[in-house]
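Given next are the chains, with one letter for each unit.
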Amino acid sequence: MVDLSMKMSLQERPAEKADVHVGDLLLRLRYLPNAGKLSVVIFKARLFNEVGPEGDKKPPCPYVRVSVLHNGTVLWKRKTSTKQKTCNPAFNQPINIALPINVLSQIAIKVHVIHEAGVRRGYREVIGSFEIGSRSTGDELAHWRDLMNNQPQARWHRVWVKTDSEIPGTSGRSGASSLSSVPGSSSTTKILYRRN
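From a predicted model like this one, the values you see are computed outputs, not experimental measurements.

Caption draft 1: Seen up close, the pattern of salt bridges. The full count for this structure, using the stated rule, is four salt bridges. A salt bridge links Arg124 to Glu116; its shortest N-O distance comes to 3.5 Å. The partner of Asp146 in a salt bridge is Arg155, with the nearest N and O atoms 2.8 Å apart. Assessed through its relative accessible area of 7%, Asp146 is described here as buried. On the basis of relative accessible area, Arg155 is assigned to the partly exposed category, the value being 21%.

Caption draft 2: Main features of the packing of aromatic side chains. In this structure the tally under the stated criterion is zero aromatic pairs. A cation over an aromatic ring shows up here: Arg46 above the ring of Trp156, its NZ or CZ 3.8 Å from the ring centre.

Caption draft 3: Focus on the confidence of the model for the protein. Residues at a pLDDT of 70 or more form 71% of the protein, whose mean pLDDT is 78. Note on residues 1-16: pLDDT is under 50 here. Beyond four places in sequence and across chains, it has five contacts. Scored below 50 in pLDDT, residues 165-196 makes 58 contacts in the model with residues more than four places away or belonging to other chains.

Rules used in this analysis
- Residues numbered from 1 in each chain as written.
- Predicted model: local features only at pLDDT ≥ 70, side-chain atom pairs only at ≥ 80, totals over all residues.
- Heavy atoms only, no water.
- Salt bridge = Lys/Arg side-chain N within 4 Å of Asp/Glu carboxyl O.
- Buried < 20%, exposed > 50% of the residue type's maximum accessible area, 1.4 Å probe, protein only.
- Phe/Tyr/Trp six-rings, centres within 6.5 Å; stacked < 30°, edge-to-face > 60°.
- Lys NZ or Arg CZ within 6 Å of the ring centre and 35° of its normal.
- pLDDT = per-residue confidence, 0-100.
- Contact = heavy atoms within 4.5 Å.

What follows is the structure, encoded as structure tokens:
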């Protein structure tokens, strides 16, 4: 007798989530205790893919958005300036975020690299992202430990994106997703942290 539950074909199995490496970003983290600020310096990025439909791909116009999260809630958001038509942008831009030291060990830092299409104002696509925090692994966890031990240094991070099948609203574009309906896609800063 054949066990039918063992005969499930590969095509019937649920697809596993997969990440695709789309480039690298160099940044430095530092906490400034006298100022009560987290300093994130975005230096440069490399090897981003061209964007757009097949046959008309062009270098992206990227910017970097840094979000500080506490228990899943966005405390602060900041973004760099947008660099025009380059796969290897140099930002050299500090982002300073007011943050009490007693909250520092409880936050996660989410970094998104976003393409802003200049022709169609307000149209954005996520190139990729990564997160630095206590639950991260690899280089992200090592950088988190540097921050907690007050050892500021610059580190390269791999920028990842989910495959097309895992991102809603990508319309088949190489791992890019639209930000038109994503909360926090504007350059406006939301402050949800309140001092007691």
